[in-house]
Amino acid sequence: MTESTAARKPRRSAGSKAAGTTGTKAAGTTGTKAAGTTGTKAGTGKRTTRTTSTTRTAATKGSETELVQLLTPEGERVETAKDSAYAEYASYVADITPDELRGLYRDMVLTRRFDAEATALQRQGELGLWASLLGQEAAQIGSGRATREDDYVFPTYREHGVAWCRGVDPTNLLGMFRGVNNGGWDPNSNNFHLYTIVIGSQALHATGYAMGVAKDGADSGVIAYFGDGASSQGDVSEAFNFAAVYNAPVVFFCQNNQWAISESNEKQTRVPLYQRAQGFGFPGVRVDGNDVLASLAVTRWALDRARRGEGPALIEAYTYRMGAHTTSDDPTRYRHDDERAAWEAKDPILRLRRFLESANHADEGFFAELEAESETLGKRVREVVRAMPDPDRFAIFENVYADGHALVDEERAQFAAYQASFADAEGV
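Novice: Looking at this model, I keep getting lost on the nonpolar core. Mind explaining?
Specialist: Considering soluble globular proteins, one finds that nonpolar side chains tend to be buried as a cluster. Formed by 70 residues in total, the largest nonpolar core has its most connected members in Tyr105, Leu174 and Leu352. Other than its neighbours up to four places away in sequence, Leu174 contacts Phe114, Ala118, Leu127, Trp130, Val381, Val385 and Met388. In terms of nonpolar packing, the next biggest core, distinct from the first, is built from 24 residues, Val236, Ala239, Val250 and Phe282 among them.

In structure tokens, the structure reads:
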């Protein structure tokens, strides 16, 4: 059995470009078959004069979209010339090993398995709600594996893959969705903040934290995740402005999954989202969000420049939400099946699998072992969720005010009386 990535914190040296997923058991033999399952300090606060191009040519010939792509949907590595526009990004994964590639694949497969189990649990009434990441695994695993242990992550509510990379036990993500806690982990244990439900507010939190990092003279970076819908929120624009003016070491990672609940990109923006960064004075890059290698490389690039004191950057991971916005949503009401089918052909897991097979980096034993590990994870998730104790009903009134408050006391008494009425009714 392979060592669980979720059971340990990622550890990387400051200058390392390795993916940090060496916990996966190496598959050193050949013979493959497809399976469907599955630095310097940033604290000076000084603005640097170094400039970085905000536009990158597409990796696929003939494309008019400025998209960084290092692995095609067919699973072929994109050859990059030293003088190409995206060679700088490619250099960040040029020395990636077969073991690290298998680790990235394993991360994506297990994250998808966990996500599928959580969706099923919600349908069975075990969770009140769930926000699926189906289709966005490469953007999350690639960017998550680009972080160092001393970096700090501010997620929204869909970053299950990033949480996995930060060493958060996936079952801890489910307490809030079951309604038994307000967040099931200590943010400072893994430098992974609690999930943020308020759309876009975490971008401001991340910027403020990054400004503090710079003042402390640390060389760590901060990354904030949000979706294309959140990019329309004022909080995000304010965060961009503060980050630019104060040269904060923060990376804004926008997962553009094409739909903000039921609103398409066309109803939100007149320009590609990554180009918004230009108006605030820092670089923006669009990356193929279904390409785990490109997501890893571009995020490493952005975090490295942030740690060097070169300020913020915006990454737009161009991907697709293959499932519903949440389990309370019905995507068939606003998008067509052929659209999803077109994106399923770009599936991030299948893409990497094809490359592993063609390069003889994994064999049948690796995939079989991963399938078994996937089933074990699903079983553990079910067992843990169903065993979660009910919360103290009166805990909601605690820690509202430091010294107590008459109104809260009154509300507590009213709630106690309401609860007692059920006991009285049962005794009649």
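On we go from here.
Novice: So what exactly am I meant to see when it comes to the packing of aromatic side chains here?
Specialist: Remark: the centre distance and the inter-plane angle together describe each pair of aromatic rings, the angle taken between the planes. Counting across every chain of the model gives 27 aromatic pairs. Relative to Phe253, the ring of Tyr225 has its centre 5.1 Å away and its plane inclined at 50°; by these criteria the two rings are tilted. Here the residue Tyr225 occupies a position in strand β2 (residues 222–227), and Phe253 occupies one in strand β3 (residues 250–256), the gap between them amounting to 28 residues. With respect to class, Tyr225 is no different from Phe253; both count as buried. On the numbers, 5.6 Å between centres and 90° between planes, the contact of Phe240 with Phe282 is edge-to-face. Taken together, the residues span a long stretch of sequence, with Phe240 in helix α8 (residues 234–245) and Phe282 in the loop between α9 (276–280) and β6 (284–288) at a distance of 42 residues. Like Phe240, the residue Phe282 is buried in the burial classification. Taken together, the aromatic side chains of Phe114, Trp130, Phe177, Trp185, Phe192 and Tyr195 make up a single cluster linked through ring pairs. Over the aromatic face of Trp343 sits the side chain of Lys346, whose NZ or CZ is 4.2 Å from the ring centroid. The aromatic ring of Phe367 is capped on one face by Arg353, whose charged end is 3.1 Å from the ring centroid.

Novice: What am I meant to see in the sheet that holds strand β7 (residues 313–318) here?
Specialist: Hydrogen bonds between backbone groups are what pair the strands of a sheet, and the pairing can be parallel or antiparallel. Taking strand neighbours across the sheet as the criterion, the five strands line up as β1-β2-β3-β7-β6 in an open arrangement whose pairing is parallel. Across the chains shown, the open sheet's two edge strands, defined by having one partner strand only, are β1 (152–154) and β6. Along the sheet, successive strands turn relative to each other by an average axial angle of 20°, direction set aside. The pairing of β2 with β3 spans six bridges and is parallel. Residue pairing in the sheet places Ile223 in a bridge with Val251 of β3. Strand contacts of helix α7 (residues 201–216): β1, β2 and β3, with the helix running at about 170° to β2, the strand carrying the most contacts.

Procedures and definitions
Residues numbered from 1 in each chain as written. Predicted model: local features only at pLDDT ≥ 70, side-chain atom pairs only at ≥ 80, totals over all residues. Heavy atoms only, no water. Core = buried A, V, L, I, M, F, W, Y, C linked by side-chain atoms within 4.5 Å. Buried < 20%, exposed > 50% of the residue type's maximum accessible area, 1.4 Å probe, protein only. Contact = heavy atoms within 4.5 Å. Phe/Tyr/Trp six-rings, centres within 6.5 Å; stacked < 30°, edge-to-face > 60°. Helix = DSSP H or I, 4+ residues; strand = E, 2+ residues; numbered from the N terminus. Lys NZ or Arg CZ within 6 Å of the ring centre and 35° of its normal. Pairing = 2+ DSSP bridges. Axes fitted to C-alpha atoms, helices over the stretch in contact; angles between N-to-C directions.

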